[in-house]
Amino acid sequence: MSPSAATRTEWNRRLAQALVADGVVADDTVTALAQEAAATSGTSLPGLLVRRGAADPQVVLTTLAHLAQLPVVDLYTDGPDAAALTALPAVLGREYGAVGHRLQGEQLVVAFAEPPDTDDLRSLSAMLGYVVAPVLADAIAIDQVLDALDSAAVEPPPLPAEGLPPVEPTAAAPDGSPLHIDDLLPYAVGVGPSDLHL
């Protein structure tokens, strides 16, 4: 999961210090949750703080955004574009704790649950073919978008055990034999179709 372990640890430390200093969360509570986030793959401290009711989601998000100097997007009121969601596949979104938010030309605005590091932004940009512009969003909202994408993904039906049935030719030569692909164009022209789609 993005960001790297060292970056996550540093952001968790800074977020914990700020929330304790502002009197939002008790030191022992945030320390225990930070340890749990560090020990559990795919779990962010901001997400744990909100899920456990230790802090208001808006306070966690604005504090983290202030520390990281990143803009914030509210996915509940300003949902992602379909094109941006398609540009960042859900499997990568889960790995990075992020969803595509807006596609603007060659730039993909990506909403992250935690501030990404520069290496993550570079590698994600290279994988996706867009310049990734990071913003922060509520970790639970990101999880909900990813869950919705997962449930919307349609698996192709399994093939029957005996395989696919043989394909019957639809066009035949005058003698009834199947047409070879090289013979289809002359056949189509001879039949006189109004529109050719090969």
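Starting afresh in each chain, residues are numbered from 1 along the sequence in its written order. Given that the model is predicted, a residue must reach a pLDDT of at least 70 before its local features are reported, and side-chain atom pairs must reach 80 or more before they are shown or counted; all residues, however, enter totals for whole chains, interfaces and linings. To get the side-chain values, all heavy atoms of the structure are used, and hydrogens and water are removed first.

Visitor: Residues and numbers for the pairing of strand S1 (residues 98–104), please.
Guide: Only protein chains enter the calculation, and the probe is 1.4 Å; a residue is then buried if its accessible area is under 20% of its type maximum, exposed if over 50%, and partly exposed in between. Only runs of H or I of at least four residues qualify as helices and only runs of E of at least two qualify as strands under DSSP, and these elements are numbered from the N terminus. With five of its seven residues buried, S1 lies for the most part within the structure. Note on pairing: DSSP must find at least two bridges between two strands before they are called paired. Across six bridges, S1 lies against strand S2 (residues 107–112) in antiparallel orientation. Paired with Val 99 across the strands is Ala 111, a residue of S2. The turn linking S1 back onto S2 is made up of two residues, and Gly 105 within it adopts a positive phi angle of 65°.

Visitor: Give a description of the pairing of S2 that names residues and reports values.
Guide: In terms of burial, S2 is largely enclosed, as five of its six residues are buried. Pairing analysis gives six bridges linking S2 to strand S3 (residues 131–136), with the strands arranged parallel. Considered in S3, the bridge of Val 110 is made with Pro 134. Consider the strands pointing away from the viewer: the crossover is right-handed when the path from the first strand over the helix to the second runs clockwise. In this fold, the crossover linking S2 to S3 by way of helix H7 (residues 118–128) has right-handed handedness.

Visitor: Could you give me a rundown of the nonpolar core, with the residues and numbers involved?
Guide: We define a nonpolar core as any set of buried Ala, Val, Leu, Ile, Met, Phe, Trp, Tyr and Cys residues linked to one another through side-chain atoms lying within 4.5 Å. By size, the foremost hydrophobic cluster in this structure holds 35 residues, and its most contacted members are Leu 49, Leu 88, Phe 112 and Leu 124. Here this core takes five residues from helix H4 (residues 57–68), the largest share from any one element. Ignoring anything within four residues of it in the chain, the contact list for Leu 88 reads Gly 93, Ala 98, Val 99, Gly 100, Leu 108, Val 110, Leu 124 and Leu 128. Core analysis: the next-biggest nonpolar cluster, separate from the first, contains 16 residues, Leu 85, Ala 111, Ala 133 and Ala 139 among them. Here, residues are in contact when the closest pair of their heavy atoms is within 4.5 Å.

Visitor: Describe H4, and please don't skip the residues or the numbers.
Guide: By this rule, a helix spans an expected 1.5 Å times one less than how many residues it contains. In this model H4 runs 16 Å from its N-terminal to its C-terminal C-alpha over twelve residues, within 8% of the 16 Å that 1.5 Å per residue would give. Those residues of H4 that fall on the buried side of the exposure criterion are Val 60, Leu 61, Thr 63, Leu 64, Ala 65 and Ala 68. Where H4 is buried, its residues meet helix H1 (5–21), helix H3 (45–51) and S3.

Visitor: Lay out the side chain of Arg 102 with the relevant residues and their values.
Guide: You can see Arg 102 is positioned in strand S1. Of the polar contacts made by the side chain of Arg 102, one reaches the side chain of Asp 78; its length is 2.3 Å. Look past the residues within four positions of Arg 102 in its chain and what remains in contact with it is Asp 78, Gly 79, Pro 80, Asp 81, Ala 84, Gln 107, Leu 108 and Val 109. Nitrogen and oxygen atoms within 3.5 Å of one another constitute a polar contact, given that in protein one can donate a hydrogen and the other can accept it, and given that sequence-neighbouring residues count only through two side-chain atoms.

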